Amino acid sequence: MPQSSETILKVNHAGEYGAMQIYAAQVVVARFFGWKCVNALKHMKAHEEEHFTTFDDLIHMRNGRTCHAPWLWALGGFALGFFTALFGEKGIWTCTIAVERNVFTHLEEQLDWTERHDPALHAAVLTIIADEAAHRDEAVNRRGKPRVIDGLLESFIGATTNFAIWLSHRL
């Protein structure tokens, strides 16, 4: 797919906004049930906030535009985080695995183009890829052996994430 810095920034900015909401919802549910994953979720959410700020700063420095429907990413992210948390800690980690796998692939696809056309954006994406891979790997370790439902959740979350990426290219 042809790329532009403006599109990459807009899409990544929306994605990070949605990711912040996923973790926010999961923290709410995990606190309610007293699960031990709260601090790890808060740490990952802090990374997503840093990523959001990175893309937000780049957008504003370039007088770019954000996605036209941030409320959609807020609502969708929170709903996804809340829904997956209802499947317990394994549901939370399954969500992280599925989202981060798709996001990692999405960001990797941007590297060749950004390296040739936008070194500042390339550096930002490279830094963020490392965090996303670390989140995915930590979630795999924390979830342990997946349940049957986790495979179904991964498929659903993966499709949802891909749809959100597709939609953010268009809004």
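Scroll up to find the structure this text is about.
Just so it is clear, the model here is predicted, and its values are computed rather than measured.

(A) Here's a closer look at the overall build of the protein chain. In terms of helices and strands, the protein chain carries 6 helices and 0 strands. Counting from the amino terminus, the protein chain carries its helices and strands in the arrangement α-α-α-α-α-α. The C-alpha radius of gyration computed for the protein chain amounts to 15 Å, which stays within 12% of the reference 16 Å derived for 171 residues, consistent with globular compactness. Long-range contacts, defined here as pairs at least 24 residues apart, represent 83% of the contacts in the protein chain between residues at least 6 apart. Total accessible area computed for the protein chain in this model is approximately 8,500 Å², and 61% of it derives from carbon and sulfur atoms.

(B) Region of the structure containing the packing of aromatic side chains. On inspection of all chains with the given rule, the structure shows 6 aromatic pairs. Between F33 and W35 the ring centres are 5.1 Å apart and the planes differ by 15 degrees, which places this aromatic pair in the stacked class. The partly exposed category is assigned to F33, whose relative accessible area is 46%. Here F83 and F156 contribute two aromatic rings whose centre-to-centre distance is 6.0 Å and whose plane-to-plane angle is 70 degrees, an arrangement assigned as edge-to-face.

(C) Molecular detail of helix α2 (residues 38-61). Compared with the 34 Å implied by 1.5 Å per residue over 24 residues, the 34 Å span of α2 between its first and last C-alpha is a close match. Inspection of α2 places V38, A40, L41, M44, H47, E48, H51, F52, F55, L58 and I59 among the buried residues, and these make up the whole buried set.

(D) Geometry of a nonpolar patch on the surface. Taken together, V28, F78, F82 and L86 make up a surface patch of nonpolar side chains, about 360 Å² in accessible area. Along the polypeptide, V28 turns up in helix α1 (residues 5-33).

(E) Summary view of the side chain of D150. Counting through the fold element by element, D150 comes out in helix α6 (residues 148-170). Only 2.8 Å separates the side chain of D150 from the side chain of R147, close enough to count as a polar contact. Setting aside residues up to four positions removed in sequence, D150 forms contacts with K90, G91, T94 and R143.

(F) Main features of unusual backbone geometry. The phi dihedral of N63 falls on the positive side, at around 55 degrees, and the residue is not glycine. Examined against the element boundaries, N63 turns out to sit in the loop between α2 and α3 (70-85).

(G) Main features of the pattern of salt bridges. Per the stated rule, a full pass over the model turns up 7 salt bridges. For E49, the salt bridge is made with K45, and the minimal N-O distance between the two is 2.4 Å. Highlighted residues: E49 and K45, both in helix α2, separated by 4 residues, approximately one helical turn. Residue classification places K45 among the partly exposed positions, given a relative accessible area of 21%.

(H) Focus on the packing of α1 against helix α5 (residues 119-143). Close contact between α1 and α5 brings their axes to 13 Å; oriented N to C, the two are set at 30 degrees. Viewed along their axes, α1 and α5 adopt a mutual orientation that is roughly parallel. Crossing of α1 over α5 shows left-handed handedness. Contacts from S5, I8, L9, N12, E16 and Y23 of α1 reach α5 at L121, V125, I128, E132 and H135. Taken together, the residues of the contact of α1 with α5 sort by class into 6 nonpolar, 3 polar and 2 charged.

Scoring rules and cut-offs
- Residues numbered from 1 in each chain as written.
- Predicted model: local features only at pLDDT ≥ 70, side-chain atom pairs only at ≥ 80, totals over all residues.
- Heavy atoms only, no water.
- Helix = DSSP H or I, 4+ residues; strand = E, 2+ residues; numbered from the N terminus.
- Rg over C-alpha atoms; globule rule 2.2 N^0.38 Å.
- Contact = heavy atoms within 4.5 Å.
- Areas by Shrake-Rupley, 256 points an atom, 1.4 Å probe, with all protein chains shown as cover.
- Phe/Tyr/Trp six-rings, centres within 6.5 Å; stacked < 30°, edge-to-face > 60°.
- Buried < 20%, exposed > 50% of the residue type's maximum accessible area, 1.4 Å probe, protein only.
- Expected span 1.5 Å × (residues − 1).
- Patch = residues over 30% accessible without salt bridge, like charges linked within 9 Å, V, L, I, M, F, W, Y side chains within 5 Å.
- Salt bridge = Lys/Arg side-chain N within 4 Å of Asp/Glu carboxyl O.
- Polar contact = N/O pair within 3.5 Å; in protein donor to acceptor, adjacent residues only side chain to side chain.
- Axes fitted to C-alpha atoms, helices over the stretch in contact; angles between N-to-C directions.
- Parallel < 35°, antiparallel > 145°, perpendicular 65-115°, else oblique.
- Left-handed = near helix turned anticlockwise from the far one by under 90°.
- Nonpolar A, V, L, I, M, F, W, Y, C, P; charged D, E, K, R; others polar.

These values are about where atoms sit, not about what they do.
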